[in-house]
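Observations on the model geometry
Below, each chain spelled out in residue letters.
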Amino acid sequence: MRHLHKGVSFAIGLAVLGASLAACGGGGSSGTSGDGRIELSIGTFTEFGYEELIPEYERLHPNIKITHHKTGEGGPYHQNLITKLAAGNGLEDVVAVEEGHFSDIIDKSSKFNDLTEIGPKDVTADRWLNWKYEAGKDSDGRLIGYGTDIGPLALCYRKDLLQAAGLPSDPEGVKSLFATWESYFAAGDQYVQRTGGKAWFDASSQLYNSMVNQLETGYLDRNDDLTIESNPGIKAAWDRITGAIQRGQSAKLIAFGNEWKTGFQQGSFATTVCPSWMLGVVEENAGPGNAGKWAVTDAFPNGGGNWGGSYLTVPKQSQHPKEAAEFAAWLTAPEQQLKAFQARGNFPSQTQALSSPQLLQQTEPYFGDTLVGRLYSEQARKVTRAQYKGPGDGQIQENVTSPALQAVEQGTPPDQAWQQVVDEAKKIVK
């Protein structure tokens, strides 16, 4: 549970899109080897926990030889994916796609196989949490991705800072503070007032994205039409977060930036959005000196949410789509996802895995030996729907709303920044 892996790749990957695509490894290598075995290739980024699983699959399937192309950064990997998809060649037989980039291939889904048609017939929707399975479909309902891991949301907070401000600080006591966005920001007002102006949260974009992702419809509807002006929930979330900024609740930090990282050590903020993979990030940045000060609770405003996770797809470029789909299905089976979780901390999306003692008994010493496996399993089940992400959704989130919120933190009036959001979003979705 201490590994930086896929969940952060979308947040930091766009900063390195200009990096050399040569770092993304080779292209597809499907075909037949000299000894008559079927050759398959798989492309992944950062850590999926497949290093031991691939040799195991080869042992179970002596007629299959697998080449693994692994890339260190998510940004260049996904740019390379789009480039090779447009070229019509060079992709692996099985291609991983991070959830934040999944919207980039939705309008190109005809270039991917429908896994319900080519995959094993015993692999059915009930293997996964419903919202994870549904999010792997395109706008026509074709399943183009088998779900791998997820990033169910909770909140991490500094127990000592809340206690010093006279607020509840134990995991049960803070649940009332974190029950709704209204109660969360009300607690933030108390914290700011009682501490003489200290920040309640770290980065406004993370909270705003969480609020928008909880809506039934996001920035685009299933017709891929922009909803930013017609969807009142988006503007309501904007007003709520910018109001909190103006009342001094934000530390005005850029998530994953250097000042944000040191902020964990210095107590620059009291709370942060905490998907399952964030626990390792908090521990790494806060350091040994803050062990036991940070806590996590099974509460998140307005229910739950998800940030992070990926899918395995089979492009139509594959020469062996049936065998590729069987391999992807095996990798996303509960047994293999539990092994990946043990290897790299990737939280599984399979219902059977979420109920396994192996996961439910997982603890995190840095957070007071909290049963984090059980906690995040419960949080994952609180997510009730899969919000459709149309083409351009990720660009709006990263390149439009996040910079606009940073502008508000630097003094730009919220209404002026909102108009900037609307205008820039229209340039992306035409």
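Under an unreviewed UniProt entry, the name given to the protein chain is ABC transporter substrate-binding protein, and the organism recorded is Amycolatopsis thermalba.

**Topic: the pattern of salt bridges**
Enumeration according to the criterion identifies 16 salt bridges in this entry. Linking Lys-175 and Asp-298 is a salt bridge whose minimum nitrogen-to-oxygen distance equals 2.9 Å. Here Asp-298 lies in the loop between strand E7 (294–297) and strand E8 (306–313) and Lys-175 lies in the loop between helix H7 (159–164) and helix H8 (181–194), a separation of 123 residues in the sequence. Given the relative accessible area of 24%, Lys-175 is considered partly exposed. Across the pair Glu-326 and Lys-322 runs a salt bridge, and its minimum N-O distance is 2.7 Å. On the criterion of helical spacing, the pair formed by Glu-326 and Lys-322 is a turn pair, its members being four residues apart in helix H13 (residues 321–331). A residue is classified by how much of its surface remains accessible, and Glu-326, at 30% relative accessible area, is partly exposed. Shared partners join several salt bridges into a network, and the residues in it are Glu-47, Glu-51, Lys-70 and Arg-344.

**Structural notes on unusual backbone geometry**
Outside of glycine, negative phi angles account for most residues, and trans bonds account for most peptide bonds. For Phe-256, which is not a glycine, the phi torsion comes out positive at approximately 75 degrees. Positionally, Phe-256 belongs in the loop between helix H10 (232–246) and helix H11 (258–266). Looking at Phe-256, the relative accessible area reads 13%, which means it is buried. Here Asp-369, not a glycine, exhibits a phi torsion of approximately 60 degrees, which is positive. By the secondary structure assignment, Asp-369 is in the loop between helix H16 (357–360) and helix H17 (372–382).

**Overview of the environment of Gly-304**
Examined against the element boundaries, Gly-304 turns out to sit in the loop between E7 and E8. Between the C-alpha atoms of Gly-304 and Gln-358, which are 54 residues apart in sequence, the distance is 23 Å. Once residues within four sequence positions are removed from consideration, Gly-304 is found in contact with Gln-214, Lys-382 and Val-383.

**So, the packing of aromatic side chains**
Following the criterion strictly, the structure yields 31 aromatic pairs and no others. Residues Tyr-57 and Trp-330 carry aromatic rings whose centres are separated by 5.1 Å and whose planes lie at 55 degrees to one another, so their mutual orientation is tilted. Within this pair, whereas Tyr-57 is found in helix H2 (residues 53–60), its partner Trp-330 is found in helix H13, the two being separated by 273 residues in sequence. Across the pair, Trp-330 and Tyr-57 agree in class, each one buried. When the centroid spacing of 6.4 Å and the interplanar angle of 75 degrees are considered together, the rings of Phe-256 and Trp-307 count as edge-to-face. Here Phe-256, found in the loop between H10 and H11, pairs with Trp-307, found in strand E8; they are 51 residues apart in sequence, far enough to count as distant. The pair formed by Phe-256 and Trp-307 is uniform in burial state, with each residue classed as buried. Seen from the ring of Trp-128, Arg-127 lies directly overhead, with NZ or CZ sitting 5.5 Å from the centre. Sitting over the ring of Tyr-311, Lys-132 keeps its end group 4.1 Å from the ring centre.

**Quick word on the state of the cysteines**
Here is the idea: a disulfide is a covalent bond, and it sits between the sulfur atoms of two cysteines. Tallied over the full model, the rule gives one disulfide. Through a disulfide, Cys-156 is tied to Cys-274; the S-S separation comes to 2.0 Å. On the sign convention where negative means left-handed, the S-S torsion of about -80 degrees between Cys-156 and Cys-274 marks this disulfide as left-handed. Remark: Cys-274 occurs in strand E6 (residues 271–275) and Cys-156 occurs in strand E5 (residues 146–158); sequence separation between them is 118 residues. For the residue pair Cys-156 and Cys-274, the accessibility class agrees, reading buried in each case.

**Comments concerning the environment of Val-372**
On the secondary structure map, Val-372 appears in helix H17. You can call Val-372 buried: its relative accessible area is 1%. In this structure, the C-alpha to C-alpha distance between Val-372 and Ala-87, residues 285 residues apart in sequence, is 43 Å.

Rules behind the numbers
Within any chain, residue numbers begin from 1 and follow the written order of that chain's sequence. Thresholds applied to this predicted model are a pLDDT of at least 70 for local features of residues and 80 or more for the giving and counting of side-chain atom pairs; totals over whole chains, interfaces and linings are not thresholded and use all residues. Remark: hydrogens and water are excluded; side-chain values derive from all non-hydrogen atoms of the structure. The salt bridge criterion pairs a side-chain nitrogen of Lys or Arg with a carboxyl oxygen of Asp or Glu, the two atoms within 4 Å. Secondary structure elements follow DSSP: runs of H or I no shorter than four residues count as helices, runs of E no shorter than two count as strands, and numbering proceeds from the N terminus. Here the term buried applies to any residue with accessible area under 20% of the maximum for its type, exposed to any over 50%, and partly exposed to those in between, with areas from a 1.4 Å probe on protein chains only. Contacts are assigned to residue pairs that have any heavy atoms within 4.5 Å of one another. Under the pairing criterion, centres of Phe, Tyr and Trp rings, with the six-membered ring standing for Trp, must be within 6.5 Å; the plane angle then separates stacked pairs below 30 degrees from edge-to-face pairs above 60, leaving the rest tilted. Two thresholds decide whether a charge sits over a ring: the Lys NZ or Arg CZ must be within 6 Å of the ring centre and within 35 degrees of the ring normal. Criterion for a disulfide: a pair of cysteine sulfur atoms at a distance within 2.5 Å.

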